[in-house]
Amino acid sequence: MNEPRALNTSQILRVNEQGDLLIPSELLGSAPPKATYRIQVADNSLIIHREAGSEPSQKAHRWRQWAASHPSQPLEIPDAALQRESIYE
């Protein structure tokens with residue numbers, strides 16, 4: 001996984017008419033598309049942290065691990081529980 005590189009730069013950003021703060025891609029380093037970030041507000045500062053494992057392939061891997069940790073045998077539901085009348089009881 002490519003970690004964002006530290007940049008020794010300073011840039012002034014402005015909030016647009018919709019109230020959004022847009023961060024140019026060159027300030028984010030090597031972030032892949034759809035990377036997830038966590039924003040921390042500290043006094044008058046915004047601190048941006050890239051979430052580890054935010055790439056789609058990593059999310060899919062974690063989901064498969066979670067699914068594999070559950071029993072694969074089917075649940076036994078009595079036929080009566082699937083009847084329309086039992087839903088309203």
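Summary of the structure given here. (Residues numbered from 1 in each chain as written. Predicted model: local features only at pLDDT ≥ 70, side-chain atom pairs only at ≥ 80, totals over all residues. Heavy atoms only, no water.)

Take the overall build of the protein next. Scanning the protein for helices and strands turns up 2 helices and 2 strands. Start at the N end of the protein and walk to the C end: the helices and strands fall as β-β-α-α. Scored against the burial criterion, the 89 residues of the protein give a buried share of 6%. If you take every contact in the protein between residues at least 6 apart in sequence, the share linking residues at least 24 apart comes to 25%. Entry remark: accessible area of the protein is about 8300 Å², with carbon and sulfur atoms responsible for 53%. (Helix = DSSP H or I, 4+ residues; strand = E, 2+ residues; numbered from the N terminus. Buried < 20%, exposed > 50% of the residue type's maximum accessible area, 1.4 Å probe, protein only. Contact = heavy atoms within 4.5 Å. Areas by Shrake-Rupley, 256 points an atom, 1.4 Å probe, with all protein chains shown as cover.)

Here we come to the pairing of strand S1 (residues 37-42). In this structure, S1 lies alongside strand S2 (residues 45-50), joined through 6 bridges in antiparallel fashion. If you follow Ile39 over to S2, its bridge partner there is Ile48. (Pairing = 2+ DSSP bridges.)

Now for the environment of Thr36. Position of Thr36 among the secondary structure elements: in the segment before S1. Residue Thr36 is classed as partly exposed on the basis of its relative accessible area, which comes to 32%. As a C-alpha pair, Thr36 and Arg50 span 14 residues in sequence and 6.1 Å in three-dimensional space.

Bringing unusual backbone geometry into the picture now. Positive phi outside glycine occurs at Asp43, with the angle close to 55°. For Asp43, the location among the structural elements is in the loop between S1 and S2. In this structure Asp43 comes out as exposed when scored by relative accessible area, which is 79%.

Without other data, these values stay purely geometric and don't point to any function.
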